[in-house]
Amino acid sequence: MTPLDILVVAPNVGSPFVEADVAGLASRGYRVERIAFSEYRGKTSYLRDLAARLRRGRPRLVLLWFLAPAYALETIALARLFRAKVALIPGGLEVDYVPELVAASGVRREKL
C-alpha cells in the first residue's frame, strides 16, 4: 500500500473551495484523502477516525481548512504525533477577527 501524501480536513462536505483543492492536488499526482468533521457524530468519533487514518495512511501533510473549529487543536496535535507536517488555510473568521494570524504568515491584507 502506498502512503497517503495529503489528508485534507474540512468542516463540511462539498465546500467548493475545499473540493477544488482536493481535485487540484489529485490532478498533480498527489494521493489525497478528504475528511469532513460534519460527517461524524461528534469530536470523539472524529478524533478516533482521524487517528486511525493517520496511523494507516501515514500522510506526509495534513491540510487543515480553518483554525477556528473546535477540533483544530486536536487535529494539529494528532498530526504532529504521527509525524505529519501541518498546513493551515485560514478563512473568513481568522482573517477578519484574528489579524495576528495573517500578520504572522507574512501575507499582506488590504481592504477592498
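Residues numbered from 1 in each chain as written. Predicted model: local features only at pLDDT ≥ 70, side-chain atom pairs only at ≥ 80, totals over all residues. Heavy atoms only, no water.

A. Representation of the packing of helix α2 (residues 43–57) against helix α3 (residues 72–81) within the structure. At their nearest, the axes of α2 and α3 sit 10 Å apart, and the two run at 20° to each other. Classified by the angle their axes make, α2 and α3 are roughly parallel. For the element pair α2 and α3, the recorded crossing hand is right-handed. On α3, the residues that touch Lys-43, Tyr-46, Leu-47, Leu-50, Ala-51 and Leu-54 of α2 are Glu-74, Thr-75, Leu-78 and Ala-79. Looking at the contact of α2 with α3, its residues break down into seven nonpolar, one polar and two charged. (Axes fitted to C-alpha atoms, helices over the stretch in contact; angles between N-to-C directions. Helix = DSSP H or I, 4+ residues; strand = E, 2+ residues; numbered from the N terminus. Parallel < 35°, antiparallel > 145°, perpendicular 65-115°, else oblique. Left-handed = near helix turned anticlockwise from the far one by under 90°. Contact = heavy atoms within 4.5 Å. Nonpolar A, V, L, I, M, F, W, Y, C, P; charged D, E, K, R; others polar.)

B. Highlighting the sheet that holds strand β4 (residues 85–89). Strand order in the open sheet formed by four strands is β2-β1-β3-β4, and the pairing between neighbours is parallel. Where the open sheet ends on each side, the last strands, each with one partner, are β2 (32–36) and β4. Across the sheet, the mean angle from the axis of one strand to that of its neighbour is 20°, orientation sign disregarded. Sheet analysis places strand β3 (residues 61–65) next to β4, joined by five bridges and oriented parallel. (Pairing = 2+ DSSP bridges.)

C. Examining the pattern of salt bridges more closely. The tally for this structure, following the rule as stated, stands at seven salt bridges. Of the charged contacts, one joins Asp-5 and Arg-60 as a salt bridge, the two residues approaching to 3.1 Å between their closest N and O atoms. A residue pair is termed long-range when its members are at least 10 positions apart, and Asp-5 in the segment before β1 (6–10) and Arg-60 in the loop between α2 and β3 qualify at 55 residues. Residue classification places Asp-5 among the buried positions, given a relative accessible area of 6%. (Salt bridge = Lys/Arg side-chain N within 4 Å of Asp/Glu carboxyl O. Buried < 20%, exposed > 50% of the residue type's maximum accessible area, 1.4 Å probe, protein only.)

D. Examining the nonpolar core more closely. Formed by 18 residues in total, the largest nonpolar core has its most connected members in Leu-7, Val-9, Tyr-46 and Leu-50. Those elements giving two or more residues to this core turn out to be β1, α2, β3 and α3. Tallying contributions element by element places α2 first for this core, with five residues. Dropping the residues within four chain positions of it, Leu-50 is found in contact with Leu-7, Ile-35, Thr-75 and Leu-78. (Core = buried A, V, L, I, M, F, W, Y, C linked by side-chain atoms within 4.5 Å.)

E. Spotlight on the packing of aromatic side chains. A complete count under the given rule lists seven aromatic pairs for this structure. Centroid distance Tyr-40 to Tyr-46: 5.6 Å. Interplanar angle 75°. Geometry classified as edge-to-face. A single burial state applies to Tyr-40 and to Tyr-46, both of which are buried. By the ring-pair criterion, three or more aromatic residues cluster together here, those being Phe-37, Tyr-40, Tyr-46 and Tyr-71. (Phe/Tyr/Trp six-rings, centres within 6.5 Å; stacked < 30°, edge-to-face > 60°.)

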